[in-house]
Amino acid sequence: MLERAHILVCGGTGCTSGKSNEIYAELSKHLKENELDKEVKLIMTGCFGLCAKGPIVVVYPDGTFYQHVKPTDAEEIVNEHILKGRVVERLLNDDKSAGTDEVKSFNETPFYKSQRRVVLKNCGVIDPENIDEYLAYDGYLAYQKAVTEMQPQDVIDVLKKSGLRGRGGGGFPTGLKWQFARDSKSDQKYVVCNADEGDPGAFMDRSVLEGDPHALIEAMMIAGYAIGADKGYVYVRAEYPIAVRRLQIAIQQALEYGILGNNIMGTGHSFTLELRLGAGAFVCGEETALLNSTEGKRGEPRQRPPFPAVKGLFQKPTLINNVETYANIPTILLKGADWFASMGTEKSKGTKVFALGGKIKNTGLVEIPMGTTLRTIVEEIGGGIPNGKRFKAAQTGGPSGGCIPAALIDTPIDYDNLISIGSMMGSGGLIVMDEDNCMVDIAKFFLEFTVDESCGKCTPCRIGNKRLYEILEKITKGEATMKDLDKMEELCYYIKENSLCGLGQTAPNPVISTYRYFKDEYIAHVRDKKCPSGVCKALTSYEIIPEKCVGCGLCKRVCPVGAISGEIREKHVIDPDKCIKCGACIASCKKNAIKK
Amino acid sequence: MKTLEELQAIRDRMKGQMNNRAAADESDYRVVVGMATCGIAAGARNTLSALTQEIEQKRLENVVVSQTGCIGICKYEPIVEVFEQGKEKVTYIHVDAERARQIVAGHIINGKPITEYTYNYAVREEK
Ligand SMILES: Cc1cc2nc3c(=O)[nH]c(=O)nc-3n(C[C@H](O)[C@H](O)[C@H](O)COP(=O)(O)O)c2cc1C
Ligand code: SF4
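Undergrad: Just checking my understanding: could you explain the overall build of chain A for this structure?
TA: Looking only at helices and strands, chain A features 24 helices and 17 strands. Taking 596 residues into account, the globule formula puts the C-alpha radius of gyration at 25 Å, and chain A, at 26 Å, falls close to it. Its C-alpha atoms give chain A principal-axis dimensions of about 85 × 65 × 40 Å. Across the 596 residues of chain A, 61% fall into the buried class.

Here's what the structure looks like:
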């Protein structure tokens, strides 16, 4: 039976924490009460991308985009929209930047318009727990095409021609990697998926797993056929419970349909898939550490070479790719290498998914063609910086990457451009910073993360990064000298050159790139003992400007440590010895009389 | 285990059912049923299910069925409007299940609007 309307409730992690499960239950209840449950289909989908406006509910066929929905809104949606056909205006967009109040079909809004959804095409469209819905959108057709119409080498040739490069960070040409794995001779080979996604703030891979798990399964089956492997592992972190559950359901359904298993659909090809849950160590995302961890060993990197394509899991040739890399592959096989290569720049083809976060209005998940400028992402898709602040820089590549300063906002984003300006694509975290962010503090934040996550196997990383962190601490406390800055720079390059694995080799990148573009800020901390953005507490003091103070006493009341004194209608003063620089007074003052 | 043919059958069946999740502006036809109190009281529910059934059975992929509120001419309910890409919309009145099926066959499949059921025709006759 064809339903007259489909109500899609976002079941991504963000919206789920905003109670989308309850919203689903309430909608279901009210549909039943009105005997609409046969006419209207209710579906829980993966992430829609516009997480800032979640929880999100979309009603088709008109594509009405409801946001910030609460369980208590369910009744009104059913009674008004479904029963009477009147859109619930108050749940439409509240902010013009996403523009959903003028055009109802959300594909036309600035947030979605500049995007190009290849990897995320099914996210927020299908029910990830229903294999039939995946099939409806040509699911497992690419696999079928590969196995019945193509030779394994043909599949690899298509990938080579498409120009697809690894989305896990390094950007290695995928077709070439598959070729290496195919050319390794062995009685047993493996296909592995890296779904560890350890970058702080990144959730691209999680959203694919949650929204379209069958796409990953299909791609890994294609990989198995192409390189000659009949067994696959997905290494996914246990902190992604929804992703893990949906993957388990998807694998189960594929087994029931005979899509996984022996002699798949009678084609003679066999493939099975297992999950391995990681405990959430950043280093386990590094491919050789991941292989160790999958084998049940300690998650420490191995020497490379030999590369996994030669000696990987259990010493057998292993193909390892990232979730997003895989998720591109079924569509490439169906639509062709030329179609894929028509998107992007000369050396970076296709699209890239970014987790947009930080000081930006439309935080969420975006997929853009390679070569889109940072300006488009920040100003159009992201809707700009909140509170009228100025864009200062964006960090890509997480703790392994670097920052892109405002002066380079028109750089087309692709692998090679990012490297040349001292950042990197990384797996797709994109954190926007405004004038209130201190760049030394940002570098320190990322370095603290890598110091914590270093596995300790090699000295440059284990001890070098710790020392580097200590220098940054000195800088932010105003205790560093200009000589320390030189030492810092030298140490950065030493660590990069001598660490064993990618974690150590890239850990100093945030320091190097912030030092490159914001040297004056470092110098201000060291020489003038000032933090220009007022973030580093040791270098900021709070002061009440006597001319502006009207003596209302608000600040005195909010100060948690009683550092402010003064009589009503008289000038107030802050005692710098007691002040803990929490900023509560600034927030409370209506006259803007307190400055850092 | 499912064979390749069985999987294809599932794809075909599901495609029909999920068609209305495509953005409305990508389809050739948009069929809108008035589903306000007036429409529902006049039997718009039956009209709607007849439309959706017919479209699914005939495997029409270029059509989305949608609903709207009160169109403002309540005495003519149930009302169905057919929007065709690049053409003026056609407003049908008193559309019961039978008329709905005829509209799908005549207007959408054969491309010929059924003049006698339209609002314009009724208004002209009344004069
Ligand atoms: C410290 C470190 C962490 C990494 N974390 C991830 C990760 O979370 N996910 C991922 O796909 N790749 C990660 N990588 C990259 C992998 O080592 C590897 O290059 C990638 O899985 C290859 O897949 P691709 O060619 O499809 O990008 C990490 C690398 C390093 C050095
Ligand atoms: S670089 Fe760091 S994470 Fe990598 S092996 Fe050395 S200590 Fe471990």
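Undergrad: Please clarify how the site of ligand 1 should be interpreted in this entry.
TA: Residue and element names in this part refer to chain A. Of all residues adjacent to ligand 1, which total 18 residues, the nearest are Gly168, Lys177, Asn321, Asn322 and Thr325. Interatomic distance of 3.2 Å between a backbone N/O atom of Gly198 and an oxygen atom of ligand 1. With respect to ligand 1, the backbone of Gly285 contributes an N or O atom lying 3.2 Å from a nitrogen atom. Protein contacts shield 90% of the accessible area of ligand 1, which totals 610 Å² for the unbound molecule. The set of elements that each furnish at least two residues to the shell around ligand 1 consists of β8 (318–322) and α20 (502–506). It is β8 that contributes the most residues to the shell around ligand 1, 3 residues altogether. Counted by class, the shell around ligand 1 contains 3 nonpolar, 9 polar and 6 charged residues.

Undergrad: Which parts of the structure should I look at to understand helix α6 (residues 141–149) of chain A?
TA: Think of an α-helix as 3.6 residues a turn; residues three or four steps apart then line up on the same face. Listing the buried residues of α6 of chain A in full gives Ala142, Tyr143, Gln144, Ala146 and Val147 of chain A. If you follow the buried residues of α6 of chain A, they end up packed against α7 (152–162), α10 (213–227) and α13 (323–335) of chain A together with α1 (4–18) of chain B.

Undergrad: Even after reading the chapter, I still don't get the sheet that holds strand β2 (residues 63–68) of chain B, so can you show me in this structure?
TA: Adjacent strands of a sheet pair through backbone hydrogen bonds, lying either parallel or antiparallel. Residues and elements named next belong to chain B. On the basis of which strands lie adjacent, the open sheet formed by 4 strands has the order β2-β1-β3-β4 and mixed pairing. Taken across any chain shown, the strands that pair with only one partner, and hence form the sheet edges, are β2 and β4 (90–92). Averaged over all pairs of adjacent strands, the angle between their axes in this sheet comes to 20 degrees, without regard to strand direction. Relative to β2, strand β1 (residues 29–34) runs parallel, the two sharing 6 bridges. Note on β2: the bridge partner recorded for Arg30 is Val64. Sheet strands touched by helix α3 (residues 44–57): β1, β2 and β3 (80–84). Its angle to β1, the strand with the most contacts, is close to 160 degrees.

Undergrad: Looking at this structure, I do not really get the domain arrangement of chain A. What am I missing?
TA: Residue and element names in this part refer to chain A. Along its sequence, chain A is carved into domain 1 (5–108), domain 2 (131–340), domain 3 (351–437), domain 4 (440–528) and domain 5 (541–595). Taking only C-alpha atoms into account, the centre of domain 2 sits 28 Å from that of domain 3. Of the roughly 1,400 Å² buried at the junction of domain 2 and domain 3 (both faces included), carbon and sulfur atoms supply 57%. For the pair domain 2 and domain 3, the interface holds 2 salt bridges. Across the pair Lys352 and Glu324 runs a salt bridge whose closest N-O atoms are separated by 2.6 Å. Summed over the shared surface of domain 2 and domain 3, the result is 8 residue pairs in polar contact (both at pLDDT 80 or more). Elements with a minimum of two residues in the side of domain 2 that touches domain 3: α9 (204–211) and α13. Residues that form the side of domain 2 that touches domain 3 fall into these classes: 5 nonpolar, 7 polar and 4 charged.

Undergrad: Explain the pattern of salt bridges to me, please; I cannot follow it from the model alone.
TA: Oppositely charged side chains can form a pair if their charged atoms are brought close together. Under the defined criterion, the tally for this structure stands at 35 salt bridges over all chains. For Glu81 of chain B, the salt bridge is made with Lys89 of chain B, and the minimal N-O distance between the two is 2.8 Å. Residue class for Lys89 of chain B comes out partly exposed when judged on its relative accessible area of 43%. Where salt bridges share partners, they join Asp73, Glu76 and Arg90 of chain A into one cluster.

Undergrad: Even after reading the chapter, I still don't get the environment of Gly14 of chain A, so can you show me in this structure?
TA: Residue and element names in this part refer to chain A. With respect to the helices, strands and loops of the structure, Gly14 is situated in helix α1 (residues 13–17). Take Gly14: its relative accessible area is 39%, and that puts it in the partly exposed class. Gly14 sits 410 residues away from Met424 along the chain, and the two C-alpha atoms are 26 Å apart.

Undergrad: Would you take a moment to explain the sheet that holds strand β6 (residues 231–237) of chain A for this structure?
TA: Residue and element names in this part refer to chain A. The parallel open sheet is built from 4 strands, whose spatial order is β7-β6-β5-β8. Edge positions in the sheet fall to β7 (272–278) and β8, since each of these pairs with one other strand and no more. Direction aside, neighbouring strands of the sheet carry axes that sit 20 degrees apart on average. Against the sheet, helix α11 (residues 241–256) makes contact with β6 and β7, and its axis sits at roughly 165 degrees relative to β7, the strand it touches most.

Undergrad: It is not clear to me how the nonpolar core should be interpreted in this structure. Could you clarify?
TA: Where a protein is soluble and globular, its nonpolar side chains tend to be buried together. Residues and elements named next belong to chain A. Grouped together as the largest cluster of nonpolar side chains are 81 residues, with contacts concentrated most on Trp178, Val234 and Tyr326. Each of domain 2 (131–340) and domain 3 (351–437) gives at least three residues to this core. Those residues in contact with Trp178 that lie beyond four places of it in its chain are Val155, Ile156, Leu159, Ala219, Ile222, Ala223, Ala226, Ile227, Leu319, Asn321, Tyr326 and Ile329. Counting residues in hydrophobic clusters, the runner-up holds 34 residues, among them Ile43, Leu356, Ile404 and Ile413.

Undergrad: I'm lost on the packing of aromatic side chains in this one. Help?
TA: Aromatic rings in a pair are described by how distant their centres are and how their planes are angled relative to each other. On inspection of all chains with the given rule, the structure shows 12 aromatic pairs over all chains. On the basis of an interplanar angle of 65 degrees and a centroid distance of 5.1 Å, the ring pair of Phe282 of chain A and Phe449 of chain A is categorised as edge-to-face. One end of the pair, Phe282 of chain A, is in the loop between β7 and α12 (287–294); the other, Phe449 of chain A, is in helix α17 (residues 439–453), with 167 residues separating them in the sequence. What makes Phe282 of chain A buried here is its relative accessible area of 12%. Both rings, one in Phe445 of chain A and one in Phe446 of chain A, keep their centres 5.2 Å apart while their planes meet at 70 degrees; by these two values the pair is edge-to-face. On the basis of relative accessibility, which here comes to 46%, the residue Phe445 of chain A falls in the partly exposed class. Aromatic rings pair up to connect Phe48, Phe65, Phe111 and Tyr112 of chain A into one cluster. When the ring centre of Phe83 of chain B is taken as reference, the NZ or CZ atom of Arg30 of chain B above it lies at 5.0 Å.

Undergrad: Sorry, what's going on with helix α4 (residues 97–109) of chain B here?
TA: Residues and elements named next belong to chain B. Between its terminal C-alpha atoms α4 stretches 17 Å, which fits the 18 Å expected from 13 residues at 1.5 Å a residue. Maximal helix bending in α4 amounts to about 25 degrees, located at Ile103. Listed as buried for α4 are Ala100, Ile103, Val104, Gly106, His107 and Ile108. In this structure, the buried side of α4 is in contact with β1, α3, β2, β3 and β4. Among the residues trailing α4, Gly111 stands out with phi positive, at a value near 75 degrees.

Undergrad: Please clarify how the packing of helix α18 (residues 459–477) of chain A against helix α19 (residues 482–498) of chain A should be interpreted in this entry.
TA: In a pair of packed helices, the angle between the axes and the distance between the axes together describe the arrangement. Residue and element names in this part refer to chain A. With their axes 10 Å apart at the nearest point, α18 and α19 run at an angle of 155 degrees to one another. The pairing of α18 with α19 is recorded here as roughly antiparallel in orientation. Taken as a pair, α18 and α19 cross one another with a handedness that is left-handed. Residue-level inspection shows Pro460, Gly464, Asn465, Arg467, Leu468, Ile471, Leu472, Lys474 and Ile475 of α18 in contact with α19, the latter providing Asp484, Leu485, Lys487, Met488, Leu491, Cys492, Tyr494, Ile495 and Asn498. Counted by class, the contact of α18 with α19 contains 11 nonpolar, 3 polar and 4 charged residues.

Undergrad: Explain the pairing of strand β2 (residues 40–45) of chain A here, please?
TA: If a strand is regular, its side chains alternate between the two faces of the sheet. Residues and elements named next belong to chain A. Where burial is concerned, most of β2 is hidden: 6 out of the 6 residues are buried. A two-sided burial pattern is seen for β2, the buried positions comprising Val40, Leu42 and Met44 on one face and Lys41, Ile43 and Thr45 on the other. In terms of strand pairing, strand β1 (residues 5–10) meets β2 through 6 bridges, oriented parallel. Note that in β2 the partner of Ala5 across the bridge is Val40.

Reading the values: the criteria
Residues numbered from 1 in each chain as written. Chains lettered and ligands numbered in written order. Predicted model: local features only at pLDDT ≥ 70, side-chain atom pairs only at ≥ 80, totals over all residues. Heavy atoms only, no water. Helix = DSSP H or I, 4+ residues; strand = E, 2+ residues; numbered from the N terminus. Rg over C-alpha atoms; globule rule 2.2 N^0.38 Å. Buried < 20%, exposed > 50% of the residue type's maximum accessible area, 1.4 Å probe, protein only. Near = heavy atom within 4 Å. Polar contact = N/O pair within 3.5 Å; in protein donor to acceptor, adjacent residues only side chain to side chain. Areas by Shrake-Rupley, 256 points an atom, 1.4 Å probe, with all protein chains shown as cover. Nonpolar A, V, L, I, M, F, W, Y, C, P; charged D, E, K, R; others polar. Contact = heavy atoms within 4.5 Å. Pairing = 2+ DSSP bridges. Axes fitted to C-alpha atoms, helices over the stretch in contact; angles between N-to-C directions. Domains from an automatic or database assignment. Buried area = accessible area lost by both parts, 1.4 Å probe. Salt bridge = Lys/Arg side-chain N within 4 Å of Asp/Glu carboxyl O. Core = buried A, V, L, I, M, F, W, Y, C linked by side-chain atoms within 4.5 Å. Phe/Tyr/Trp six-rings, centres within 6.5 Å; stacked < 30°, edge-to-face > 60°. Lys NZ or Arg CZ within 6 Å of the ring centre and 35° of its normal. Expected span 1.5 Å × (residues − 1). Bend = angle between axes of the 7 residues up to and from the residue. Parallel < 35°, antiparallel > 145°, perpendicular 65-115°, else oblique. Left-handed = near helix turned anticlockwise from the far one by under 90°.

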